[in-house]
Amino acid sequence: MFRLHYWLLIFFQATSAQFPRVCATFESIVSHECCPLLGGTGSPCGEAEGRGSCVDITIDDLPHGQQYVLVGIDDRERWPERFFNRSCVCNGNFGGFDCSGCKPGWQGDNCLTRRPPAIRQNIMNMTQEDREFFLDVLDRSKTAVHPDYVVAQDHYRNLIPENTTEPNFVNITIYDLFVWVHYYSVRDTLLGPGQAYTAIDFSHEGPAFLTWHRMHLLGLENDLQVLSGDPTFALPYWDFAIGGSECDVCTDEIVGGQNPEDQTLLGPNSRFADWEVVCLSLDWFNDNIKLCNGTYEGPIRRNPGGNIDRPAVQSLPEPADVANCLQVEEYDTFPFFSDSDSSFRNALEGYSEPSGEFDEGVRTLHNLAHLFLNGTGGMTHASANDPIFVLIHTFTDAIFEEWMKRSNATAADYPEEDAPIGHNLDFNMVPFFPPITNRDMFIPSDQLGYSYAVDLPESLANEDAPLFIWAIVGVSGFVILATLVIVLVNTVKRHRQRVRDESLYQNLVAEDSNKGIHYTA
């Protein structure tokens, strides 16, 4: 029987970004076809073995929103057509860029056995041994070259330089690929030296914010499972909805404390103190019509709660913010953008109040957690460089998962068209390959091979209802008692002062009653 590389449970060894190394060749780029041999020695896409076939890539042609008005300029439009128009589509539960693996949640020679889900835990609740294991593997991923994927280091027009047959791809480490993928999804459209179109984002400010980042995390989790040799390896989360100005995970034992000599740097005893960032110089990339190539550009910066110019981002979200967000009924609302009102996605992303009410300039939940960091983690294109990014987005995904459960969400809740470019239900998410759509990620997490050990708050209205009812009863009882006392007093007065005007008495009672109503309101 054909022996597969890595483990047969793996799906996302191949569904990653940007392109499989085996397809980063002159022949593949010229033919626009990425249909590798199964495991490097079998048939293309494992067709002869019954695992998959090489087919035309499906492109979503439904109209997108008007935030992006250019046509045929950006290589991410109609993804991944500019690079490849044919790729492997795997049969049944098979998966991977060559169909040699399994789809998420499945394992076995024929991918017919459900895999026990990876359980994502609160990093603060993990045993020291488990937490150290996670952090060590994450640290190793910064220097381990990705076994399967490479990235383009130049504009697509210069992908194959003149007088050469060597495409402009470069190797990249596992974690730097994670950073690069995020950068590539938000980068500006390159128009010419010093020119760029900025009104474009394939992973934020739209319905795909949650589905895109779900896929982003899955890719890293799978890569770390391979790197660690542990198929149950799971990314933990940071419950950032704790309020206050203290970052409880920002210690040298977890994601790095502050350097006493420079509060914007990580503590020297942190395993992440020596990490350097990539994909930081967005203006230089735009001016020179270049893409990030993984060159290191200096240390991670972080100063939690230290932005004195923006008091609103000096404190973390509150538990009530999560509870309120989970009460928003609609997944997203027109125009499916950062100004959407009564949108769960926009509330969780943090462009509206947690209740869903749009308020221009407000930053809550996910956005607030990033801005609170006051450094690399607050810069959209570079934020993934800070390892705390992983923990922020796993918690964000946990809230998304909870909303899906409570809402019994289906694909019908997700907009099929008129969302910003890249955000329609069936758009291929940029820059994942082989293509995967937002629809593919808008499903329960247990179908993707993972779940959360998390207890998120129920409706505050339900939790506070007993207290609210008792408050009403107490106040009402006080009003009734006060009224009885008033009546008794005035009855005595009537006996003592029969000459008192009855109409005046009625006016006094009415006045006291009105005061009671005002008090209880």
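None of these values were measured; they are calculated from a predicted model.

## Looking at a negative patch on the surface
A cluster of acidic residues, Asp-339, Asp-341, Glu-357, Asp-359 and Glu-360, forms a negative patch on the protein surface. With respect to the helices and strands, the residue Asp-359 is situated in the loop between helix H7 (344-349) and helix H8 (365-373).

## Focus on the sheet that holds strand S11 (residues 169-173)
A sheet is described by the order of its strands in space; here three strands give the open sequence S1-S10-S11, paired in antiparallel fashion. Since the sheet does not close on itself, it has two edges, and those belong to strand S1 (19-20) and S11, each with one partner. As paired strands, strand S10 (residues 145-152) and S11 are joined by four bridges and run antiparallel to one another. Directly across from Val-145, in S11, lies its bridge partner Thr-173.

## A look at the packing of helix H4 (residues 208-228) against helix H9 (residues 388-407)
Running from amino to carboxyl end, H4 crosses H9 at an angle of 125 degrees, the nearest separation of the two axes being 10 Å. Relative to H9, H4 is oriented oblique. Every pair of crossing elements has a handedness; the one defined by H4 and H9 is left-handed. In this structure, H4 contributes Phe-209, Leu-210, Thr-211, His-213, Arg-214, His-216, Leu-217 and Leu-220 to the contact, and H9 contributes Phe-389, Val-390, His-393, Thr-394, Thr-396, Asp-397, Phe-400, Glu-401 and Met-404. Its residues placed into classes, the contact of H4 with H9 shows eight nonpolar, six polar and three charged.

## So, the state of the cysteines
Going through the model one piece at a time under the given rule, you end up with seven disulfides. With a sulfur-sulfur separation of 2.0 Å, Cys-23 is cross-linked through a disulfide to Cys-34. Here Cys-23 and Cys-34 share a disulfide; its torsion about the S-S bond, 85 degrees, makes the bridge right-handed. Here Cys-23 is found in the loop between S1 and helix H1 (26-31), whereas its partner Cys-34 is found in strand S2 (residues 33-34), with 11 residues between them in sequence. Given a relative accessible area of 0%, Cys-34 falls into the buried group. In this model Cys-90 forms its disulfide with Cys-99; the gap between the sulfur atoms is 2.1 Å.

Rules used in this analysis
Residues numbered from 1 in each chain as written. Predicted model: local features only at pLDDT ≥ 70, side-chain atom pairs only at ≥ 80, totals over all residues. Heavy atoms only, no water. Patch = residues over 30% accessible without salt bridge, like charges linked within 9 Å, V, L, I, M, F, W, Y side chains within 5 Å. Areas by Shrake-Rupley, 256 points an atom, 1.4 Å probe, with all protein chains shown as cover. Salt bridge = Lys/Arg side-chain N within 4 Å of Asp/Glu carboxyl O. Lys, Arg positive; Asp, Glu negative; His and termini not counted. Charge placed at Lys NZ, Arg CZ, Asp CG, Glu CD. Helix = DSSP H or I, 4+ residues; strand = E, 2+ residues; numbered from the N terminus. Pairing = 2+ DSSP bridges. Axes fitted to C-alpha atoms, helices over the stretch in contact; angles between N-to-C directions. Parallel < 35°, antiparallel > 145°, perpendicular 65-115°, else oblique. Left-handed = near helix turned anticlockwise from the far one by under 90°. Contact = heavy atoms within 4.5 Å. Nonpolar A, V, L, I, M, F, W, Y, C, P; charged D, E, K, R; others polar. Disulfide = S-S within 2.5 Å. Buried < 20%, exposed > 50% of the residue type's maximum accessible area, 1.4 Å probe, protein only.

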